[in-house]
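A closer look at the structure
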Amino acid sequence: MSKRTQSGGGDEEVPKPPRTWVLYVLRCRDGTLYCGITNDLTRRLDQHNRGKGARYTRGRGPVLLIKSWSAVSQSAALKAELAFKSLSREAKEKKLRSRARKDIVSCLLRGEA
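Description of the structure in this document. (Residues numbered from 1 in each chain as written. Predicted model: local features only at pLDDT ≥ 70, side-chain atom pairs only at ≥ 80, totals over all residues. Heavy atoms only, no water.)

**Side note on the environment of Asp30**
Along the chain, Asp30 turns up in the loop between β3 (21–27) and β4 (33–38). As for Asp30 and Arg60, which are separated by 30 residues in sequence, their C-alpha atoms are 6.3 Å apart. In terms of polar contacts, Asp30 uses its side chain to reach the side chain of Thr32, at 2.6 Å. In terms of polar contacts, Asp30 uses its side chain to reach the side chain of Arg60, at 2.9 Å. (Helix = DSSP H or I, 4+ residues; strand = E, 2+ residues; numbered from the N terminus. Polar contact = N/O pair within 3.5 Å; in protein donor to acceptor, adjacent residues only side chain to side chain.)

Printed below as a string of structure tokens:
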């Protein structure tokens with residue numbers, strides 16, 4: 001919803017800022033990785049840590065945020081999530097340590113692939 005302000009005599013709509021979608025990776029208490037997307041990272045982390053998030057993380061909390069990346073759209077975030085999940089464990093760990101921006105996950109996040 002947008003807010004209305006009164007200035008000068010007429011109502012003016014102030015648009016809400018667009019929601020930024022992010023791809024995030026958590027490390028669970030048992031050392032496993034969990035990857036997901038959200039447009040409210042703080043809320044989603046709280047859900048995971050309260051046992052109200054994804055079924056996978058429910059018995060594996062508390063979780064620790066390892067990394068998150070912004071996406072240009074929800075669609076881009078979903079595609080990048082699928083690409084990240086398809087990587088081997090070794091490749092996932094490498095991506096988490098890397099600052100490279102030319103890999104498939106990074107390209108998908110930018111909407112380039």
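Text resumes after the structure shown.
**Brief notes about the environment of Ile37**
Along the chain, Ile37 falls in strand β4. Judged by its relative accessible area of 16%, Ile37 falls in the buried class. In this structure the C-alpha to C-alpha distance between Ile37 and Ala80, which are 43 residues apart in sequence, comes to 9.2 Å. Beyond its immediate stretch of four places on either side in the chain, Ile37 contacts Trp21, Val22, Leu23, Tyr24, Gln74, Ala77, Leu78 and Glu81. (Buried < 20%, exposed > 50% of the residue type's maximum accessible area, 1.4 Å probe, protein only. Contact = heavy atoms within 4.5 Å.)

**Quick word on the environment of Leu108**
The topology assignment puts Leu108 in helix α5 (residues 104–109). In this structure the C-alpha to C-alpha distance between Leu108 and Ala76, which are 32 residues apart in sequence, comes to 5.7 Å.

**Description of the pairing of β4**
Looking down a regular strand, the side chains alternate between one sheet face and the other. The buried fraction of β4 amounts to 6 of the 6 residues, a majority that puts the element mostly inside the structure. Side chains Leu33, Cys35 and Ile37 of β4 all project onto a buried face; the interleaved residues Tyr34, Gly36 and Thr38 project onto the opposite face, where all are buried too. Pairing of β3 with β4 involves 6 bridges; the strand directions are antiparallel. Bridge pairing links Val25 to Cys35 in β4. In this structure, the hairpin formed by β3 and β4 is closed by a connection of 5 residues, where Gly31 is found at a positive phi of approximately 90 degrees. (Pairing = 2+ DSSP bridges.)

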